[in-house]
Amino acid sequence: MSLFLLKRGLWLIVAEVLLIAPADTFTLFNPITLAVFWSMGISMVFMAGLT
């Protein structure tokens, strides 16, 4: 389970940085737009560390 959470969390972070944020703001990295998927991904990575 922890490996699944780790991989899924990292995938969500990468998707937010490389796909969702640039499509929304037309810039590669804007920390203001990192919101929903970024926070879910970080939460999954932390939960993987707890299990």
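Before reading on, note that the structure itself is shown above.
Everything numeric in this text was worked out from a predicted model, so none of it was measured.

Here is what the cut-offs are and how they apply
- Residues numbered from 1 in each chain as written.
- Predicted model: local features only at pLDDT ≥ 70, side-chain atom pairs only at ≥ 80, totals over all residues.
- Heavy atoms only, no water.
- Helix = DSSP H or I, 4+ residues; strand = E, 2+ residues; numbered from the N terminus.
- Buried < 20%, exposed > 50% of the residue type's maximum accessible area, 1.4 Å probe, protein only.
- Contact = heavy atoms within 4.5 Å.
- Areas by Shrake-Rupley, 256 points an atom, 1.4 Å probe, with all protein chains shown as cover.
- Patch = residues over 30% accessible without salt bridge, like charges linked within 9 Å, V, L, I, M, F, W, Y side chains within 5 Å.
- Salt bridge = Lys/Arg side-chain N within 4 Å of Asp/Glu carboxyl O.
- Lys, Arg positive; Asp, Glu negative; His and termini not counted.

> Can you help me understand the overall build of the chain in this one?
Within the chain one finds two helices and zero strands. The buried share of the chain, taken over its 51 residues, is 25%. Once local pairs closer than 6 in sequence are excluded, the contacts in the chain between residues at least 24 apart make up 54%. As displayed, the chain offers around 3700 Å² of accessible surface, 77% of which is attributable to carbon and sulfur atoms.

> Explain a nonpolar patch on the surface here, please?
A cluster of nonpolar side chains, namely Val-14, Leu-18, Leu-19, Ile-20, Val-36, Phe-37 and Met-40, defines an oily patch on the protein surface of about 620 Å² accessible area. Those elements that provide at least two residues to the nonpolar patch are helix 1 (2–25) and helix 2 (36–50). With four residues, the single largest contributor to the nonpolar patch is helix 1. Along the chain, Met-40 falls in helix 2. Taking the relative accessible area as the measure of exposure, Met-40 reaches 38% and is therefore partly exposed.

> I'm lost on the environment of Met-47 in this one. Help?
Mapped onto the fold, Met-47 is located in helix 2. Residue classification places Met-47 among the partly exposed residues on the basis of a relative accessible area of 40%. As for Met-47 and Leu-6, which are separated by 41 residues in sequence, their C-alpha atoms are 8.1 Å apart.

> Help me understand the side chain of Glu-16, please; the structure alone is not making it clear to me.
Take Glu-16: it is sitting in helix 1. Within the buried core, Glu-16 has no salt-bridge partner, and the shortest N-O distance to an opposite charge, that of Arg-8, equals 14 Å.

> Would you mind showing me how to read the environment of Phe-46 here?
Tracing the sequence through the fold places Phe-46 in helix 2. Residue Phe-46 is classed as exposed on the basis of its relative accessible area of 58%.

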